[in-house]
Amino acid sequence: MTIIDVQELTKVYRGGLKKRGIVALDNISLSIQQGEIIGLLGPNGAGKTTFLKVVLGIAHPSTGQVIVNGYKPKDPRSRKHLGYLPENHRFPEHLTGLGLLEFTGRMHGLKQVEIDARTDRLLEMVDMAKWSNTKIRKYSKGMQQRIGLAQAMMPDPDVLLLDEPTDGVDPVGKVEIRKVLERIRSEGKTIVLNSHLLSEVESVADRVAILSKGRLVRLCTVDELITRNCQYEIDADIGNRLVDIPVEVGKILNVSTSKLIVELTAEDKINYVIDVLRMKKISIRAIQPLKLTLEQSFMEAIVPSGTVGTHKGAEV
Ligand SMILES: Nc1ncnc2c1ncn2[C@@H]1O[C@H](COP(=O)(O)OP(=O)(O)OP(=O)(O)O)[C@@H](O)[C@H]1O
Ligand SMILES: [Mg+2]
């Protein structure tokens with residue numbers, strides 16, 4: 001079931017060069033399914049936060065359609081089952097972690113018994129139970145993000161919108177936050193997870209949507225992102241034997257005495273290459289699709305993106 005449906009969404013902020021407007025989102029279409037974890041990736045200024053703000057009804061679409069939980073974002077019913085962790089949040093520092101969760105619970109209109117039950121469970125879940133009576137001003141960045149995740153979970157949301165949950169957190173804190181995300185994931189929540197690092201979302205996300213200059217440049221699974229179409233690495237005892245394949249099958253990208261890298265015109269052409277090697281009595285040890293590193297694939301997705309157009313009719 002589609003829980004967030006975005007069709008041809010464009011968001012233009014007022015301002016920019018000669019007041020032509022700033023195109024933060026450019027014709028985005030994206031359907032997010034219930035229970036799915038989608039990583040929204042992109043460099044600074046790509047439009048990730050704007051996307052969440054439009055879903056939340058904080059920013060309004062310039063053009064296009066957005067439906068959340070069956071309602072338009074300007075309808076408060078769309079937010080009834082949403083949890084949100086903003087980027088660069090500043091929770092009131094005089095509150096304790098527990099105080100923040102109680103305050104959030106009251107804002108969501110929960111009864112005290114529900115608040116008590118949820119705070120205990122959530123503090124455990126984010127590993128903050130022993131710090132619950134310490135003031136937020138004394139929290140490290142990692143603790144602030146973990147308590148932020150707990151406040152996002154207070155309304156027991158179906159959908160969580162998390163804007164850079166590991167931003168500014170050290171590597172140890174990042175691992176802890178990843179564990180919390182995995183716990184949240186196991187509860188079957190739909191999560192939109194903003195990040196500018198693919199390595200951060202790869203372990204939890206089902207799909208990644210890569211934004212660049214407001215445009216959706218890639219939408220696929222992490223595995224699809226790092227797999228090069230039709231490129232294979234073959235470990236084989238080639239020695240100094242000559243291997244050749246016809247152009248209609250593909251081309252050899254690299255060959256050594258023990259390895260062959262080929263790019264094929266179609267997936268099933270790998271069988272032809274195997275036949276060629278076997279006919280030459282070359283022993284094959286392994287064949288695997290060629291994978292890019294996460295960083296390479298992310299860069300490949302964002303670098304060739306086109307220029308951002310300018311739109312009239314700017315609004316905030
Ligand atoms: N309220 C605003 N008014 C005008 N321009 C804005 C506003 N908010 C964002 N922008 C611009 O819209 C573009 C997208 O910004 P956005 O904050 O959505 O990107 P982001 O991907 O979240 O970036 P970051 O990784 O830095 O958080 C940027 O060019 C930004 O300067
Ligand atoms: Mg942002």
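Refer to the structure printed above.
Here's a quick rundown of the structure. (Residues numbered from 1 in each chain as written. Chains lettered and ligands numbered in written order. Predicted model: local features only at pLDDT ≥ 70, side-chain atom pairs only at ≥ 80, totals over all residues.)

**Focus: the sheet that holds strand β12 (residues 259–264)**
Read across the sheet, four strands follow the order β11-β12-β10-β13 without closing on themselves; strand pairing throughout is antiparallel. Single-partner strands in this sheet number two, and they are β11 (250–255) and β13 (284–291). In this sheet, neighbouring strand axes are inclined to one another by 25° on average, regardless of whether the strands run parallel or antiparallel. The pairing of β11 with β12 spans five bridges and is classified as antiparallel. What sits directly across from Val 255, in β12, is Leu 260. Most of the contacts of helix α8 (residues 270–279) go to β13, to which it runs at about 150°, and overall it touches β10 (227–236), β12 and β13. (Pairing = 2+ DSSP bridges. Helix = DSSP H or I, 4+ residues; strand = E, 2+ residues; numbered from the N terminus. Axes fitted to C-alpha atoms, helices over the stretch in contact; angles between N-to-C directions. Contact = placed C-beta atoms within 7 Å.)

**Concerning the packing of helix α4 (residues 141–153) against helix α5 (residues 171–186)**
Close contact between α4 and α5 brings their axes to 9 Å; oriented N to C, the two are set at 15°. By the criterion of interaxial angle, the relationship of α4 to α5 is roughly parallel. Relative to α5, the crossing made by α4 is right-handed. Here α4 contributes Lys 141, Gly 142, Gln 145, Arg 146, Leu 149 and Met 153 to the contact with α5, which in turn contributes Gly 173, Glu 176, Ile 177, Val 180 and Ile 184. Broken down by class, the residue content of the contact of α4 with α5 amounts to five nonpolar, three polar and three charged. (Parallel < 35°, antiparallel > 145°, perpendicular 65-115°, else oblique. Left-handed = near helix turned anticlockwise from the far one by under 90°. Nonpolar A, V, L, I, M, F, W, Y, C, P; charged D, E, K, R; others polar.)

**With respect to the nonpolar core**
Among the nonpolar cores identified, the biggest contains 67 residues, and Ala 150, Leu 161, Val 192 and Val 208 are the most heavily contacted of them. Once you skip the residues sitting within four places of it in the chain, Val 192 turns out to touch Ile 32, Ile 38, Leu 40, Leu 52, Leu 161 and Leu 162. Counting residues in hydrophobic clusters, the runner-up holds eight residues, among them Ile 234, Val 262, Val 273 and Leu 277. (Core = buried A, V, L, I, M, F, W, Y, C linked by C-beta atoms within 7 Å. Buried ≥ 20, exposed ≤ 12 C-beta atoms within 10 Å, placed from the backbone.)

**Focus on the site of ligand 1**
Surveying the vicinity of ligand 1 reveals 14 residues, the closest of which are Tyr 13, Ala 24, Asn 44, Thr 49 and Thr 50. For the shell around ligand 1, the secondary structure elements donating two or more residues are β2 (22–33) and α1 (48–56). With three residues, the top contributor of residues to the shell around ligand 1 is α1. Looking at the shell around ligand 1, its residues break down into four nonpolar, eight polar and two charged. (Near = placed C-beta within 6 Å.)

**Quick notes on unusual backbone geometry**
For Asn 27, which is not glycine, the phi torsion reads 60° and is therefore positive. By secondary structure assignment, the location of Asn 27 is in strand β2. A positive phi is found at Asn 69, a non-glycine position, where the angle reads about 50°. Here Asn 69 is to be found in the loop between β4 (63–68) and β5 (82–85).

**Topic: the pairing of strand β3 (residues 37–41)**
Looking along a regular strand, one sees side chains alternate from face to face of the sheet. In terms of burial, β3 is a largely internal element, five of the five residues being buried. With burial as the criterion, each face of β3 is covered, one bearing Ile 37, Gly 39 and Leu 41 and the other bearing Ile 38 and Leu 40. Pairing geometry for β3 and strand β7 (residues 190–195), over five bridges, is parallel. Across the sheet, the residue bridging to Gly 39 is Leu 193, located in β7. As paired elements, β3 and strand β8 (residues 207–212) share four bridges and run parallel to each other. Across the sheet, residue Leu 40 finds its bridge partner in β8, namely Ala 209.

**Examining the packing of helix α2 (residues 97–107) against α4**
With their axes 9 Å apart at the nearest point, α2 and α4 run at an angle of 25° to one another. Relative to α4, α2 is oriented roughly parallel. For α2 against α4, the interelement crossing comes out right-handed. In contact with Gly 97, Leu 100, Leu 101 and Thr 104 of α2, α4 contributes Ile 147, Ala 150 and Gln 151. In the contact of α2 with α4, the residues fall into four nonpolar, three polar and no charged.

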